[in-house]
Amino acid sequence: MAAEAPLNYEASAGSTHLQITNTLPSEVAQCLQNARFLHLATCTDLFPHVSLMNYTYLPSSPYNSSPTIIMTTNPSSKKTLNLISNPHVSLLVHDWVSHRPPTTNRRGSTSDRAGSPPPEASRSSLAALLLNLNTSALSSISVTINGDARLVERGTPEEIYYKEQHLDNNTFTDGEEGQRTSLWNEREREDCDGGRGSFIEGEDVRVVVVAITDGRVSDWKGAVRDWSLAGVEGHNTEPGEPLVNGITT
């Protein structure tokens, strides 16, 4: 396997420093395997919409030999309506903990602002745990992924297969999810299933499959590297060409 190109400190876009690959870059696959949620960006009529999503990453499946991402959505949600109108999506995923550490008033301001979050908010055991995870540098990259989404037809073997995979991937053992939720109070612990009961197991949810096309790896210093899957068309759909969900431009 050819060595992956290093992250570059120039701002890049499109074909600048573009890495063409037959498989996902290793750090992209690792990030998708490690992260708990992703951010899904959809857009219609020039108005973007971002959603926090459970997801399942599949390197391949009986229905697609290329890497795909599985999600489920309420059929009447804003993101579903956006996907029907415009299947082009962008995803953001990272596996670091996003708890904000305390800041200090370094500029000598005379305001009463004592930092964000205030020191007392960081004294709880949960805040201390998250802060320690942050400083342990579990990861130093984030990944932006572009792709085309489609709603899987209801009642088909394909829908059943993807929904089962998605449910299995978001069902946690007591030793894994239980340890993570032990810091919350009793009521929160009972309900902490990541929304599985409402957003994955519900009878009305629709299965969304995202075919990955290309993306970007970024590190915390601002270095970036663009990549694209070989043989997969990007988002340059010609006017009048049918889109994934049967809508024409």
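Here the structure is shown first, and the text comes after it.
Since the structure is predicted, the reported quantities are computational estimates derived from the model, not experimental observations. (Residues numbered from 1 in each chain as written. Predicted model: local features only at pLDDT ≥ 70, side-chain atom pairs only at ≥ 80, totals over all residues. Heavy atoms only, no water.)

*Asks:* Even after reading the chapter, I still don't get the overall build of the chain, so can you show me in this structure?
*Replies:* The helix and strand inventory of the chain stands at seven helices and nine strands. Of all 249 residues assigned to the chain, the portion counted as buried reaches 37%. Looking at the chain alone, contacts between residues at least 24 apart form 72% of all its contacts between residues at least 6 apart. Carbon and sulfur atoms form 52% of the exposed surface of the chain, whose accessible area is close to 14,600 Å². (Helix = DSSP H or I, 4+ residues; strand = E, 2+ residues; numbered from the N terminus. Buried < 20%, exposed > 50% of the residue type's maximum accessible area, 1.4 Å probe, protein only. Contact = heavy atoms within 4.5 Å. Areas by Shrake-Rupley, 256 points an atom, 1.4 Å probe, with all protein chains shown as cover.)

*Asks:* When you look at the pairing of strand β5 (residues 68-73) in this model, what are you seeing that I'm missing?
*Replies:* A regular strand places its side chains on the two faces of the sheet in alternate fashion. Along β5, six of the six residues are buried, which leaves the element largely enclosed by surrounding structure. Residues T68, I70 and T72 line one face of β5 and the alternating positions I69, M71 and T73 line the opposite face, and both faces are buried. Two strands pair when backbone bridges link them, and strand β4 (residues 56-58) and β5 are joined in this way by three bridges, in the antiparallel orientation. Bridging from a neighbouring strand, Y57 pairs with I69 of β5. Examined bridge by bridge, β5 and strand β8 (residues 206-219) share six bridges and lie antiparallel to one another. Of the residues in β8, the one forming a bridge with T73 is R206. (Pairing = 2+ DSSP bridges.)

*Asks:* For this particular structure, what's the right way to read the pairing of strand β3 (residues 47-53)?
*Replies:* Two elements, strand β2 (residues 38-44) and β3, share seven bridges in a ladder whose sense is antiparallel. Its bridge partner lying in β3, H39 is registered against L52. The turn joining β2 and β3, which pair antiparallel and follow one another in sequence, is formed by two residues; a positive phi near 55° is taken by D45.

*Asks:* For this particular structure, what's the right way to read the environment of H88?
*Replies:* Position of H88 relative to the elements: it lies in strand β6 (residues 88-94). C-alpha of H88 to C-alpha of A41: the two residues are 47 residues apart in sequence and 9.1 Å apart in space. At 2.5 Å, the side chain of H88 and the side chain of D148 are in polar contact. (Polar contact = N/O pair within 3.5 Å; in protein donor to acceptor, adjacent residues only side chain to side chain.)

*Asks:* Sorry, what's going on with helix α4 (residues 157-169) here?
*Replies:* Residues spaced three or four apart along an α-helix face the same direction, because each turn holds 3.6 residues. The end-to-end C-alpha separation of α4 is 18 Å, in line with the 18 Å expected for 13 residues at 1.5 Å each. The set of residues buried in α4 consists of E158, E159, Y162 and H166. All buried residues of α4 lie within an arc of 95° about the axis, which places them on one face of the element. Exposed residues on α4 whose side chains face more than 90 degrees from its buried face are P157 and D168. Next to the buried residues of α4 lie β4, β5, β7 (141-151) and β8. (Expected span 1.5 Å × (residues − 1). Arc of directions from axis to C-beta.)

*Asks:* What is the right way to look at the nonpolar core in this model?
*Replies:* I69, M71 and I145 are the most contacted members of the largest nonpolar core, which totals 28 residues. Of all the elements in the fold, those that place two or more residues in this core are α1 (26-34), β2, β5, β6, β7, β8 and β9 (224-229). For this core, the element with the highest residue contribution is β7, accounting for five residues. Apart from residues no more than four positions distant in its own chain, I145 is found in contact with V28, L32, I69, V89, S90, L91, V93, I212, D214, G215 and W227. Counting residues in each nonpolar core, the second largest holds six residues, with V152, Y162, V207 and V209 among its members. (Core = buried A, V, L, I, M, F, W, Y, C linked by side-chain atoms within 4.5 Å.)

*Asks:* What is the right way to look at the packing of aromatic side chains in this model?
*Replies:* How two aromatic rings sit relative to each other is given by the distance of their centres and the angle of their planes. A complete count under the given rule lists three aromatic pairs for this structure. When the centroid spacing of 5.9 Å and the interplanar angle of 55° are considered together, the rings of Y63 and Y162 count as tilted. Of this pair, Y63 sits in the loop between β4 and β5 while Y162 sits in helix α4, and the two are 99 residues apart along the sequence. On the basis of relative accessibility, which here comes to 0%, the residue Y162 falls in the buried class. (Phe/Tyr/Trp six-rings, centres within 6.5 Å; stacked < 30°, edge-to-face > 60°.)

*Asks:* Hey, could you run me through the pattern of salt bridges in this one?
*Replies:* Side-chain pairing between opposite charges can occur once the charged atoms of the two side chains come close. According to the stated counting rule, one finds three salt bridges in the structure shown. In this structure, E158 engages R150 in a salt bridge whose closest nitrogen and oxygen atoms are separated by 2.3 Å. The class for E158 is buried, based on a relative accessible area of 14%. Residue classification places R150 among the partly exposed residues on the basis of a relative accessible area of 28%. For D226, the salt bridge identified is with R216, shortest N-O distance 2.8 Å. Taken together, the residues D226 in strand β9 and R216 in strand β8 connect sequence positions 10 residues apart. (Salt bridge = Lys/Arg side-chain N within 4 Å of Asp/Glu carboxyl O.)

*Asks:* Even after reading the chapter, I still don't get the environment of T42, so can you show me in this structure?
*Replies:* Considering the arrangement of structural elements, one finds T42 in strand β2. Sequence separation of T42 and A149 is 107 residues, and the distance between their C-alpha atoms is 9.7 Å. Residue contacts for T42: discarding those within four places in its chain leaves F47, P48, H49, K79, N82, L83 and V89. There is a polar contact of 2.9 Å between the side chain of T42 and the side chain of N82.

Nothing here speaks to function; it is geometry throughout.
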